[in-house]
Amino acid sequence: DTYFTTADLTFSKTILTFNDPINGLESGGNNPKAIPGATVMYTITATNGTTNNLVGTAEKATITDDFTSEIVTNGRLIWNTDSMVITSPDAGTAVSLVDTDFATDADAGEFIGNMLRARCGDLNVGEACTLQFTLDIQ
């Protein structure tokens, strides 16, 4: 018998507006809105699932997201360069990604224009890679 192993990656993305100058924490409120001046936290998770016994390692997994189509009323998204944190089995603990140069340095991520990429490394069955970062609405 010949068996093929394949990765079964699933992705989830959550968006949380956690501060704005009118309704959110900055103003003493507790109902922040995605308006200019707000900070929005994104969490993207890639998980190598276990749908059957033939699922294998996802080698050199990468999370890529394009924010060009993100709709923000009366504003635009501004990348917070020191806010990207990736947590992955290959990385061990959470690693802050503080620049925008994927090609020439040793960290695992970049944000250029509206495109974000982060290297997760290899994900074995049941392992996940989580990428968390913030953007400001201007």
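Residues numbered from 1 in each chain as written. Predicted model: local features only at pLDDT ≥ 70, side-chain atom pairs only at ≥ 80, totals over all residues. Heavy atoms only, no water.

### Description of the state of the cysteines
Part 1: Tallied over the entire structure, the rule returns one disulfide.
Part 2: With its sulfur 2.3 Å from that of its partner, Cys120 forms a disulfide with Cys129. Handedness of the Cys120-Cys129 disulfide follows from its S-S torsion of about -75 degrees: it is left-handed. (Disulfide = S-S within 2.5 Å.)

### What to know about the packing of aromatic side chains
The way to describe two aromatic rings as a pair is by their centre distance and the angle between their planes.
Part 1: Taken as a whole and assessed by the stated rule, the structure comprises one aromatic pair.
Part 2: Summarising the aromatic geometry, the rings of Tyr42 and Phe133 are spaced 5.4 Å apart at their centres and angled 5 degrees between planes, so their arrangement reads as stacked. Highlighted residues: Tyr42 in strand S2 (residues 39-48) and Phe133 in strand S9 (residues 128-137), separated in sequence by 91 residues.
Part 3: Here Phe133 falls in the buried class, since its relative accessible area comes to 1%. (Phe/Tyr/Trp six-rings, centres within 6.5 Å; stacked < 30°, edge-to-face > 60°. Helix = DSSP H or I, 4+ residues; strand = E, 2+ residues; numbered from the N terminus. Buried < 20%, exposed > 50% of the residue type's maximum accessible area, 1.4 Å probe, protein only.)

### Observations concerning the environment of Leu16
Part 1: As for its placement among the helices and strands, Leu16 is situated in strand S1 (residues 9-19).
Part 2: Leave out the neighbours within four places in its chain, and Leu16 touches Thr39, Val40 and Met41. (Contact = heavy atoms within 4.5 Å.)

### With respect to unusual backbone geometry
Part 1: Phi is positive for Lys60, which is not a glycine, with a value near 50 degrees.
Part 2: Relative to the helices and strands, Lys60 is located in strand S3 (residues 58-66).

### Overview of the nonpolar core
Part 1: If you look at the biggest cluster of nonpolar residues, it comprises 22 residues, and the most contacted ones within it are Leu116, Leu131 and Phe133.
Part 2: Counting residues per element, the ones that place at least two in this core are S2, S3, strand S5 (84-87), strand S8 (115-123) and S9.
Part 3: By residue number, the principal contributor to this core is S9, which donates five residues.
Part 4: Sequence-distant contacts of Leu131, defined by excluding residues within four places in its chain, comprise Tyr42, Thr43, Ile44, Ile63, Met84, Val85, Ile86, Leu116 and Ala118. (Core = buried A, V, L, I, M, F, W, Y, C linked by side-chain atoms within 4.5 Å.)

### A word on the environment of Ile22
Part 1: With respect to the element layout, Ile22 can be found in the loop between S1 and S2.
Part 2: Spatially, the C-alpha atoms of Ile22 and Pro36 are 9.8 Å apart, while their sequence positions differ by 14 residues.

### Focus: the pattern of salt bridges
Part 1: What the rule picks out here adds up to one salt bridge.
Part 2: A salt bridge links Lys13 to Asp65, with the nearest nitrogen and oxygen atoms 2.8 Å apart. Within this pair, whereas Lys13 is found in strand S1, its partner Asp65 is found in strand S3, the two being separated by 52 residues in sequence.
Part 3: Here Lys13 falls in the partly exposed class, since its relative accessible area comes to 34%. (Salt bridge = Lys/Arg side-chain N within 4 Å of Asp/Glu carboxyl O.)

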